[in-house]
Amino acid sequence: MNTLVKAENTAITRKKPSRPLLKAFDLKWVQTMNVLDFGCGKGADVRYMTDTLNIWAEGHDPAHGVHRTRNQYSTVFMNYVLNALDPEQRAAAFKEAWALVERGGCLIVATRRHVSRLAERKGWEQYLDGYWTNKERGMFQAEIDLKYNMQFLPPTLWGPSKFHLSSDFYLAKYWKP
């Protein structure tokens, strides 16, 4: 496994919930029985769901000392997680998150758009299928399109999917029948 990419260094401090999380609620994609923010970073989205929306939610991000308490969730979010991982880490994280979705639940994935344009403008060095945003800290970004994640799951394992295209992110919802 490649240990050069250190996704934990990409977590940012936010006071407001992420735009993909707000859009997923706006689209009514969230099943609110119990929600996991997989790769929650510093936890702004979890705080928003629990404090503002009064939803049972928790985060999971071992790099930041946050661990889940359940084995299955009705909704699992992965917001901007896959962009920060190398291909091997990305496949493992997606499969791990999918395993945490209960039958009848869903996995909602948000990925950053326009990474290659930003890389060209900022002069980021190409690495694997993405770019170093800060090579010394192991910070990496790859552009992941809407259907990229489906390669990790045989079609018999996921139900109908929904996709949303925003100006700066992709949002995908995968059902687990």
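Details of the structure are given in the entry above.
Residues numbered from 1 in each chain as written. Predicted model: local features only at pLDDT ≥ 70, side-chain atom pairs only at ≥ 80, totals over all residues. Heavy atoms only, no water.

Within this structure, the stated rule accounts for 3 salt bridges. Residue R90 is joined to D129 by a salt bridge in which the shortest nitrogen-to-oxygen separation is 2.7 Å. Pair noted here: R90 is in helix α3 (residues 87-99) and D129 is in the loop between β5 (125-127) and β6 (130-134), with a separation of 39 residues, a long-range link. Its relative accessible area of 0% is what places R90 among the buried residues. Taking the relative accessible area as the measure of exposure, D129 reaches 37% and is therefore partly exposed. Between K135 and E125 there is a salt bridge whose closest N-O contact spans 3.4 Å. Highlighted residues: K135 in the loop between β6 and β7 (139-141) and E125 in strand β5, separated in sequence by 10 residues. On the basis of relative accessibility, which here comes to 42%, the residue E125 falls in the partly exposed class. (Salt bridge = Lys/Arg side-chain N within 4 Å of Asp/Glu carboxyl O. Helix = DSSP H or I, 4+ residues; strand = E, 2+ residues; numbered from the N terminus. Buried < 20%, exposed > 50% of the residue type's maximum accessible area, 1.4 Å probe, protein only.)

With antiparallel pairing, the 3 strands of this open sheet are ordered in space as β5-β6-β7. Strands at the two margins of the open sheet, each flanked by one partner only, are β5 and β7. The mean inter-strand angle of the sheet, taken between neighbouring strand axes irrespective of direction, is 45 degrees. Here β5 runs beside β6; their pairing, made up of 3 bridges, is antiparallel. Bridge pairing in β6 links Q126 to Y131. (Pairing = 2+ DSSP bridges. Axes fitted to C-alpha atoms, helices over the stretch in contact; angles between N-to-C directions.)

On their own, these measurements won't tell you what the molecule is for.
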